[in-house]
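Topology and contacts: notes
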Amino acid sequence: MFSAVIGAEVSQSVYKMTVVYYKEGHLVDALDHYVTTTLANHSHVDETVKSFLDNIKEKRSGIDNVTEWIGHPINAFQLVERTANGWKKVEQNIKSSTVVPTKATLDFLSYWNEVIDVDGIWTGRDDVNISAQGLCRLHQTYKLDLKTLMSGTILNKTASPLTTSDVINIGIYLKAEDQIEWYEAYLELDDVTEKESVLYKLAMTYYMEDFAWKSLSIFTDLQKISSRPLENLVKIVRQKAEKAGNDRPFKKRKGPTSFLSKIYENLCRGNIQTNQAIPVLHCYNKVTRIPYYTGKEEVLSYIPRISRFHDVISDAEISQLQDFSKPDLTPSDVLGKAGQHFPGRISETSWIEPSKDVSKKLEKRIELLTRLDTVYREETVTSEYFQVVNYGFGGHYLRHYDALYSDQKYAKDNVYGDRIATWMFYLNTVAAGGATVFPKLNLRILPIKLPRSGYLNTNKCSGNHTDQKYAK
């Protein structure tokens, strides 16, 4: 098996997000032309359209490295939300702006359809959902301070702060307890000027969760500053509160309860690395059957065997793998759940044909270093296609075994045997996060471009290595 960290819907692919970014650039030019032409003809352009255009120009003006910019989760979320929702509102506004469409209107709408439909890559509601869940998951897994996150900083990487609209749009896709946590944290920020909408959402969330007195308190305060007609709503909330009696205590989200889950999250955060074997681990040049070809092996664990090899793949080969994989990336499946959304695995996958020259070269090197038969054959399968796994914004794979048949109900259908070992190339270095962790070993491997890891999945006596369960 082969996997990599390179960047599941559009929001889960750095490649697809980059395509969306450049498509948006074309739409900005088209909208600018529409606004300029319409105003030159002394026709009306809605203020929301002009404000949207000015705002988006400003946001895009300071971006030098697009891939690096998209790599920040807040930038990624704002791009997804803007392209999925904001641009759609602009298109609908322009469509309805005149009874008889002008040439400028027709030109923009024609270009809109051309850009959106050319390759099918554009964001939608599911991408906003995945992105919102991804931000929430980052907060929970890495124990990020919510106010710091909302101010634009995640793991010491800074972006534009979340806006009131961003926070409300994120909250739509979160569980009630998470919504409350996000809204309350946002309201505690010093520079929040548009509190009314968030207060309203917070009060409604408390109401829907049967915390009527808490909801009533917020609505009563909101009534003093809001231009909304809240009298009838306050009356309804008060009636529910008086009928229900005192609110039960509000319980905030608990962290993981199981021992392994706690270790897993600590390893992801980089808080622990206490492998007992570390004092006796070592690096050496591994001899192969070709005398002049040796491998730089760094042993990370002896039982089960986990090693990191250095200088096995070149930058050119990495680029080839990435280029081959981009057009065919699709949401990753889990054994027994093909075609189903599985929240424990958020990524995209592409398979590289074994006939590719780069596949043959890498197969040979892995065979020399591991002494395992890695050549893919149709008639006798001893290895799989190389698999490129794309973990984008908020992507992860919870604890699992790579050995496929730990669940024996799948073993009877396989005539080729199980996965006895896994080899992983890291195709890039990520700025933060992205570690592969082995909770039972207290082992954490950071994704660094060019080094790669290999490990045994099974042993010949008992099948799965019970310590081999890992997460990405």
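Our subject in this report is the structure included herewith. The model shown is predicted, which means the values in this text are computed figures rather than measured ones.

Thresholds, definitions, all that
Residues numbered from 1 in each chain as written. Predicted model: local features only at pLDDT ≥ 70, side-chain atom pairs only at ≥ 80, totals over all residues. Heavy atoms only, no water. Helix = DSSP H or I, 4+ residues; strand = E, 2+ residues; numbered from the N terminus. Buried < 20%, exposed > 50% of the residue type's maximum accessible area, 1.4 Å probe, protein only. Areas by Shrake-Rupley, 256 points an atom, 1.4 Å probe, with all protein chains shown as cover. Phe/Tyr/Trp six-rings, centres within 6.5 Å; stacked < 30°, edge-to-face > 60°. Pairing = 2+ DSSP bridges. Expected span 1.5 Å × (residues − 1). Salt bridge = Lys/Arg side-chain N within 4 Å of Asp/Glu carboxyl O. Polar contact = N/O pair within 3.5 Å; in protein donor to acceptor, adjacent residues only side chain to side chain. Axes fitted to C-alpha atoms, helices over the stretch in contact; angles between N-to-C directions. Parallel < 35°, antiparallel > 145°, perpendicular 65-115°, else oblique. Left-handed = near helix turned anticlockwise from the far one by under 90°. Contact = heavy atoms within 4.5 Å. Nonpolar A, V, L, I, M, F, W, Y, C, P; charged D, E, K, R; others polar. Core = buried A, V, L, I, M, F, W, Y, C linked by side-chain atoms within 4.5 Å. Domains from an automatic or database assignment.

What follows is about the overall build of the protein chain. Of regular secondary structure, the protein chain possesses 16 helices and 16 strands. A buried classification covers 48% of the 472 residues belonging to the protein chain. Only carbon and sulfur atoms are counted for the fraction: they give 51% of the accessible area of the protein chain, which is about 24,100 Å².

Now for the packing of aromatic side chains. Enumeration over the complete set of coordinates arrives at eleven aromatic pairs. Centroid distance Y21 to Y22: 5.4 Å. Interplanar angle 85 degrees. Geometry classified as edge-to-face. Of the residues examined, Y22 reaches a relative accessible area of 46% and is grouped as partly exposed. Centre to centre, the rings of F52 and W87 are 5.0 Å apart; their planes meet at 85 degrees, and the pair counts as edge-to-face. Residue F52 is found in helix α2 (residues 47-61), and its partner W87 is found in helix α4 (residues 73-95); the two are separated by 35 residues along the sequence. Per residue, the accessibility class of F52 equals that of W87, and both read buried. By the ring-pair criterion, three or more aromatic residues cluster together here, those being Y34, F52, W87, F108, W112 and W122.

On to the pairing of strand β3 (residues 283-287), then. Bridge count for β3 against strand β4 (residues 294-301) is five bridges, and the pairing is antiparallel. Pairing of Y284 across the sheet is with E297, part of β4. Connecting β3 to the next strand, β4, in antiparallel fashion are six residues.

Moving on, we get to helix α10 (residues 196-208). For α10, which comprises 13 residues, the first-to-last C-alpha distance of 18 Å matches the rise-based estimate of 18 Å (1.5 Å per residue) to within 8%. Listing the buried residues of α10 in full gives V198, L202, A203, T205, Y206 and Y207. Note on α10: the residue one or two positions beyond its end, D210, has a positive phi of about 70 degrees.

This next bit is on the side chain of S13. When you line up the elements, S13 lands in the segment before α1 (14-40). The exposure class of S13 is buried, given its relative accessible area of 1%.

The next thing to look at is the pattern of salt bridges. Within this structure, the stated rule accounts for 21 salt bridges. With a closest N to O distance of 4.0 Å, E297 and K286 form a salt bridge. Of this pair, E297 sits in strand β4 while K286 sits in strand β3, and the two are eleven residues apart along the sequence. Like E297, the residue K286 is buried in the burial classification. A cluster of three or more residues bridged by salt bridges with shared partners is formed by E24, R60 and R82.

Tracing the backbone shows Q387 in strand β9 (residues 386-390). When the C-alpha positions of Q387 and I352 are compared, they lie 6.2 Å apart, and in sequence the two are 35 residues distant. At 3.4 Å, the side chain of Q387 forms a polar contact with the side chain of R345.

Between α4 and helix α6 (residues 125-141), the least distance of the axes is 9 Å, while the angle of their chain directions is 160 degrees. Between α4 and α6, the interaxial angle falls into the category roughly antiparallel. As α4 runs across α6, the sense of the crossing is left-handed. Together, P73, I74, F77, V80, E81, A84 and N85 of α4 and D127, V128, S131, A132, L135 and L138 of α6 make up the contact between the two elements. When the residues that make up the contact of α4 with α6 are grouped by side-chain class, the tally is nine nonpolar, two polar and two charged.

A few words now on unusual backbone geometry. With the exception of glycine, the majority of residues adopt a negative phi angle, and the majority of peptide bonds are in the trans configuration. The step from I303 to P304 runs through a cis peptide bond, and the omega angle for that step is -10 degrees. Take P304: it is sitting in the loop between β4 and β5 (306-310). Positive phi, normally seen in glycine, also occurs at N156, with a value near 70 degrees.

On to the nonpolar core, then. Counting residues in each nonpolar core, the largest one holds 84 residues, and the members touching the most others are L31, W87, F108, M150, L162 and W182. Here the element with the most residues in this core is α1; it accounts for ten residues. When residues of this core are assigned to domains, at least three fall in each of domain 1 (10-193) and domain 2 (273-460). L162 has contacts with I74, F77, Q78, L149, M150, V167, I170, W182 and Y186, leaving out every residue within four places of it along the chain. Counting 15 residues, the second-largest nonpolar core is a separate cluster that includes V312, F386, F425 and L427.

Here three strands make up an open sheet; going across it, the order is β6-β8-β9 and the pairing antiparallel. The strands lining the two open edges of the sheet, one partner per strand, are β6 (330-331) and β9. Here two bridges tie β6 to strand β8 (residues 348-352), and the two strands are oriented antiparallel to one another. Along β8, the bridge assignment pairs P331 with E348. Across the sheet, helix α14 (residues 315-325) is in contact with β8 and β9; its angle to β8 comes to roughly 110 degrees.

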